[in-house]
There are 2 protein chains.
Amino acid sequence: MSRRYHHGDLAATLVDEGVALVAEVGVAGFSVAELARRAGVSTAAPYRHFGDRDRLLAAVATRVARELAACLEDTPGEDPAARLAAATGTYVAFVTRCGVGIEIVYAPALRRLGDEDLAHAGRAAMDVLIGLAREVRPSADAALLLVEQLVALAHGYASLGATGLTAERITDEDAPTRATRAARALIGAAPEAPLVVG
Amino acid sequence: MSRRYHHGDLAATLVDEGVALVAEVGVAGFSVAELARRAGVSTAAPYRHFGDRDRLLAAVATRVARELAACLEDTPGEDPAARLAAATGTYVAFVTRCGVGIEIVYAPALRRLGDEDLAHAGRAAMDVLIGLAREVRPSADAALLLVEQLVALAHGYASLGATGLTAERITDEDAPTRATRAARALIGAAPEAPLVVG
DNA sequence: GTCTATATAAGGATAGAC
DNA sequence: GTCTATCCTTATATAGAC
């Protein structure tokens, strides 16, 4: 029996393994060579399916964004405010687990590609949060501002939790729980009217 | 007149240029080779002053942490709460300008070195924020929790501002201003009692 | 579609000359 | 203390065989 591997769909395998690779080494550590190694093919093989490194990474990013949107959508909660706070925690948990968040969609190298699928997936993920925010903030502008604040908060907790600023920690809660707590405070705070761009 | 450059203190020059290099290409883009090039010396020269790449980066990180502490200390404001909110904005402005924030102190590669100066500089920077927080939160635990939340928020705004999630932006304010606004909301929110680690 | 082999480039690090 | 020269590793990407 041959040790040779027949890939029915190497492209799909590469995206699957790519998500796992990013989860392990982060976006910075992503490399076509390492990905090929894990998929059990030569370093040249991926280039038959994706023109270059960035297009392959964009495909991985699209998959990640879709999984993120699905996670956010599944977040439970008793009322809209609770769901939104919990979704912030879900976001942190997702980034902790997957090594990357929504910022991959806006990575300069990938933006340059103008990938439609990627842009759409990124927008879909944000739309989940915006939908929840609209239920706790009357105006559309206030809802967007709140989402911006919560995403910043979540992104920060995800980064700090990973690198370990938590040497300063004062509780035994994990990063997602602490992010949820902070989100609750922010959601509960009285909204200031944002300036609308003229 | 000789084109030859005599460095009275190459070590100091390397740290100076290292800060500028990190500001330009980020921590990920930091390289001894590029730094040597900018200092006008061979790629071997830095290794006479710093054992390896990480020790050189640690020296740069220490300098960055000290500059950050100085920036935070200089933040003006009418009262403690206003100063703390403004300091959050200052942090975002610093990271935008210097390409890195307090997380460099906790980078795994550098933590492994156990560099005393670096650890001290990092703690000093955080102590500025903790000092301000203690003026707006009665308990030490609540103050630490608030600092954690504000640093997460600042870190998130700095990252998103850089990568451009601001495609979603609804105001014409810059990232530091928006971070200050969010910080104000968080500081104004009623503190929840944090769990103390047993 | 996949492989082998190769061109090209960058970086970390060391040995030994000066 | 600094340079030149070199080695080793890693990665992107392509050409041509199978």
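Bear in mind the structure is a predicted one, so any value in this text is a computation, not a measurement.

Visitor: Help me understand the protein's contact with DNA strand D, please; the structure alone is not making it clear to me.
Guide: In the region of DNA strand D, 18 residues are neighbours, and A:Tyr47, A:Arg53, B:Ser42, B:Arg48 and B:His49 sit closest. Put simply, 63% of the atoms of DNA strand D that lie within 4 Å of the protein are in sugar or phosphate. In the environment of DNA strand D, a phosphate oxygen lies 3.5 Å from a nitrogen or oxygen atom belonging to the side chain of A:Tyr47. Here the surface near DNA strand D gets three residues from one element, more than from any other, and that element is helix 2 (residues 32-39) of chain A. For the surface near DNA strand D, a count of residues per class yields eight nonpolar, five polar and five charged.

Visitor: Could you clarify how one ought to interpret the protein's contact with DNA strand C in this entry?
Guide: Taken together, the neighbourhood of DNA strand C is formed by 18 residues, with A:Ser42, A:Arg48, A:His49, B:Tyr47 and B:Arg53 sitting nearest. Protein-proximal atoms of DNA strand C, defined as those within 4 Å of the protein, fall in sugar or phosphate at a share of 61%. Here a phosphate oxygen of DNA strand C sits 2.7 Å away from a polar atom, N or O, in the main chain of A:Ser42. Between DNA strand C and the protein, one listed contact pairs a phosphate oxygen with a backbone N or O atom of B:Val32 at 2.9 Å. Broken down by element, the residue count for the surface near DNA strand C peaks at three residues, all from helix 2 (residues 32-39) of chain B.

Visitor: Sorry, what's going on with the pattern of salt bridges here?
Guide: Once the charged atoms of two side chains with opposite charge are near each other, the side chains can pair. Residue and element names in this part refer to chain A. Summed over all chains, the structure comprises 14 salt bridges over all chains. The partner of glutamate 34 in a salt bridge is arginine 38, with the nearest N and O atoms 2.9 Å apart. Here glutamate 34 and its partner arginine 38 are both found in helix 2, four residues apart, which amounts to about one turn of the helix. A relative accessible area of 30% places arginine 38 in the partly exposed class.

Visitor: How should I be thinking about the packing of helix 1 (residues 10-25) of chain B against helix 2 of chain B in this particular structure?
Guide: All names here are of chain B. Running from amino to carboxyl end, helix 1 crosses helix 2 at an angle of 115 degrees, the nearest separation of the two axes being 9 Å. Of the two elements, helix 1 crosses helix 2, and the hand of that crossing is right-handed. Where helix 1 approaches helix 2, its residues Leu10, Thr13, Leu14, Glu17, Gly18, Leu21 and Glu24 are matched on the opposing element by Glu34, Leu35, Arg38 and Ala39. Grouping the constituent residues of the contact of helix 1 with helix 2 by class yields five nonpolar, two polar and four charged.

Visitor: Sorry if this is basic, but what is going on with the UniProt feature "domain: HTH tetR-type" (unreviewed entry) in chain A here?
Guide: The sites that carry the UniProt feature "domain: HTH tetR-type" (unreviewed entry) are, in the present numbering, residues 8-68 of chain A. Spanning residues 8-68 of chain A, this segment combines 66% helix with 0% strand, and its end C-alpha atoms are found 27 Å apart.

Visitor: Teacher, can you tell me more about the UniProt feature "DNA-binding region" (unreviewed entry) in chain A here?
Guide: On the UniProt side, "DNA-binding region" (unreviewed entry) is annotated at positions that read residues 31-50 of chain A here. Across residues 31-50 of chain A, the secondary structure splits into 40% helix and 0% strand, with the terminal C-alpha atoms separated by 13 Å.

Visitor: Is there a simple way to think about helix 2 of chain B in this case?
Guide: For an α-helix the count is 3.6 residues per turn, leaving residues at separations of three or four pointing the same way. Residue and element names in this part refer to chain B. Among the residues making up helix 2, those that are buried are Val32, Leu35, Ala36 and Ala39. Across the axial projection of helix 2, the buried residues extend over an arc of 100 degrees, all falling on one side. Looking at the residues trailing helix 2, positive phi occurs at glycine 40, about 75 degrees.

Visitor: Explain the state of the cysteines to me, please; I cannot follow it from the model alone.
Guide: Cysteine pairs can be covalently joined through their sulfur atoms, and such a bond is termed a disulfide. Across all of its chains, the model carries zero disulfides over all chains by this definition. A disulfide-free cysteine, B:Cys71 has its sulfur positioned 6.8 Å from the sulfur of B:Cys98, the nearest such atom.

Cut-off values and rules
- Residues numbered from 1 in each chain as written.
- Chains lettered and ligands numbered in written order.
- Predicted model: local features only at pLDDT ≥ 70, side-chain atom pairs only at ≥ 80, totals over all residues.
- Heavy atoms only, no water.
- Near = heavy atom within 4 Å.
- Polar contact = N/O pair within 3.5 Å; in protein donor to acceptor, adjacent residues only side chain to side chain.
- Helix = DSSP H or I, 4+ residues; strand = E, 2+ residues; numbered from the N terminus.
- Nonpolar A, V, L, I, M, F, W, Y, C, P; charged D, E, K, R; others polar.
- Salt bridge = Lys/Arg side-chain N within 4 Å of Asp/Glu carboxyl O.
- Buried < 20%, exposed > 50% of the residue type's maximum accessible area, 1.4 Å probe, protein only.
- Axes fitted to C-alpha atoms, helices over the stretch in contact; angles between N-to-C directions.
- Left-handed = near helix turned anticlockwise from the far one by under 90°.
- Contact = heavy atoms within 4.5 Å.
- UniProt positions renumbered as here; feature names shortened; annotations may be inferred.
- Arc of directions from axis to C-beta.
- Disulfide = S-S within 2.5 Å.

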